[in-house]
Amino acid sequence: MRLLFVALLLVPGTLPAQRDSAALLERARRLHREVPMIDTHNDLPTMIHSEAGGDRAKGNPDGPIPSLDTDLPRLRAGLVGGQFWAAYVPSAFIEKGAARFALEEIDIIKRFVARSPMLQWATTADDIVRAHRAGRIASLIGIEGGHAIENSLGTLRMFHELGVRYMTLTHSGTTPWADAATDAPKHGGLSSFGEDVVREMNRLGMMVDISHVSDATMVDALRVSTAPVIFSHSSARALASHARNVPDSILAMIPKNGGIVMVNIFPGFINQTAADQTAKVLDKMKEFDAQYPGNPEAASKAWGDWFKTQTMEPGTLNQVADHVEHIRKVAGVDHVGIGADFGSLTVHPAGLEDVSRYPYLTAELLRRGWSDEDVKKFLGQNMLRVMRAVEQTAARSRQ
């Protein structure tokens, strides 16, 4: 032990660096306890749906799930205060069955939230704050894929009644009313019905999520929406050139709208090598759709099985922090947060291997000179502000 201590002393700066890292991590954890850290996208419900057939006995998040990067014990270890669970609908269901698929995922979410003593149901910003004070993880729902409403504003309203508080306007495929980032455009952005969807979401108090949409759809949504919009899980295109990421021209428009960009940690969106490797991954969905006509379940499973075989450069926690800092630089510190996309990831940035690692990202921002107040904005205060503005917009529409 003495020899080890002497050896460490001979490495310049080793012990001070270790002490500094430990101090930053403890400071990060303190900030997580002071404000609810809110992540806006986790795909655990999809994994329970697809891997366990919705059977909680096979995929019970209250206990360890070693095959995945998310379970509730690790969420608590990561000091998460609020989690939006994604009710993801594969684009294979654009033509039929999308609403049913979304309802099945909402059912899974509601059942595991009701069962778990670690979770607390939430639909408002104040609900998140109350859950955090009670030592629970506030649990909310976002639908990933606007085809879930099956071109019906009535269906959209019923999803809101069930507690859905954001909807991603598209997934990988262009819908009958909105162009996607990774599909051929048909509308030049939003169709007239797509604009109606955005207006109705504003009226209801449902956040308009423009991750996955084309640049033209981003512009249209920002033009039409009277409430702040969100990117629930997107990163900066300037650092990783992928159509799913947000270009600087759009980032510069976000402050006027009051919206927010929640940084995604998927390697294909944070480092250019992985972005190149995964550039056509979402296009592959269409090949499986054609291979299994009229059978969206089979097409979705085939794509998922194929995707597991793909390799990509994992990237690093530092690269994720680079995206956070870039968005802060272009859009401002009031317009950035985290929507990691944990739950279904099979490759992770080094240092962000699972949901328990969030405080390490926070510590990295502190190491880069972020103040405690700015870190608190990133962790959750920015998202709480956006949610309250969306809630206020809806309240005004009812007057």
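Computed from a predicted model, the values in this text were never measured in an experiment. (Residues numbered from 1 in each chain as written. Predicted model: local features only at pLDDT ≥ 70, side-chain atom pairs only at ≥ 80, totals over all residues. Heavy atoms only, no water.)

Colleague: Teacher, can you tell me more about the packing of helix H14 (residues 284–291) against helix H15 (residues 296–307) here?
Modeller: A pair of packed helices is captured by two measures, namely the crossing angle of their axes and the spacing between those axes. Relative orientation of the contacting elements H14 and H15 amounts to 135°, with a least axis distance of 8 Å. The angle between H14 and H15 falls in the class oblique. Between H14 and H15 lies a crossing of right-handed hand. Residue-level inspection shows Lys284, Met285, Phe288 and Asp289 of H14 in contact with H15, the latter providing Ala299, Ala302, Trp303 and Trp306. By residue class, the composition of the contact of H14 with H15 is six nonpolar, no polar and two charged. (Axes fitted to C-alpha atoms, helices over the stretch in contact; angles between N-to-C directions. Helix = DSSP H or I, 4+ residues; strand = E, 2+ residues; numbered from the N terminus. Parallel < 35°, antiparallel > 145°, perpendicular 65-115°, else oblique. Left-handed = near helix turned anticlockwise from the far one by under 90°. Contact = heavy atoms within 4.5 Å. Nonpolar A, V, L, I, M, F, W, Y, C, P; charged D, E, K, R; others polar.)

Colleague: Would you take a moment to explain H15 for this structure?
Modeller: Owing to its 3.6 residues per turn, the α-helix aligns residues three or four sequence positions apart on the same side. The end-to-end C-alpha separation of H15 is 16 Å, in line with the 16 Å expected for twelve residues at 1.5 Å each. When we look at burial in H15, the residues that qualify are Pro296, Ala299, Ala302, Trp303 and Phe307. One side of H15 holds all its buried residues, which, seen down the axis, span an arc of 130°. (Expected span 1.5 Å × (residues − 1). Buried < 20%, exposed > 50% of the residue type's maximum accessible area, 1.4 Å probe, protein only. Arc of directions from axis to C-beta.)

Colleague: What is the right way to read the packing of helix H7 (residues 153–161) against helix H8 (residues 192–204) from this model?
Modeller: Relative to each other, H7 and H8 sit at 30°, their axes nearing to 11 Å. One finds that H7 runs roughly parallel with respect to H8. When you trace H7 past H8, the crossing you get is right-handed. In this structure, H7 uses Leu153, Leu156, Arg157 and His160 to contact H8, whose residues at the interface are Phe193, Asp196, Val197, Glu200, Met201, Arg203 and Leu204. Residues of the contact of H7 with H8, tallied by class, amount to six nonpolar, one polar and four charged.

Colleague: Where do I start with helix H3 (residues 44–51) in this structure?
Modeller: Across the eight residues of H3, six count as buried, placing the element largely inside the fold. All of the buried residues along H3 are Leu44, Pro45, Thr46, Met47, Ile48 and His49. On the buried face of H3, the contacting elements are strand S1 (38–42), strand S2 (82–88) and helix H5 (98–115).

Colleague: I would appreciate a short explanation of the pattern of salt bridges in the present structure.
Modeller: Should their charged atoms come close, side chains of opposite charge can pair. Throughout the structure, instances matching the rule amount to 29 salt bridges. With its nearest N and O atoms 2.6 Å apart, the salt bridge here joins arginine 130 to aspartate 127. Of this pair, arginine 130 and aspartate 127 both sit in helix H6 (residues 125–133), separated by three residues, roughly a single helical turn. Under the relative-accessibility criterion, aspartate 127 is labelled buried at 17%. One salt bridge in this structure joins lysine 301 and aspartate 305, with 2.7 Å as the shortest N-O distance. Of this pair, lysine 301 and aspartate 305 both sit in helix H15, four residues apart, which is roughly one turn of the helix. Residue class for lysine 301 comes out exposed when judged on its relative accessible area of 55%. Overlapping salt bridges bring together Arg27, Arg30, Glu34, Asp372, Glu373 and Lys376 as one network. (Salt bridge = Lys/Arg side-chain N within 4 Å of Asp/Glu carboxyl O.)

Interpretation in functional terms is not warranted from these geometric data alone.
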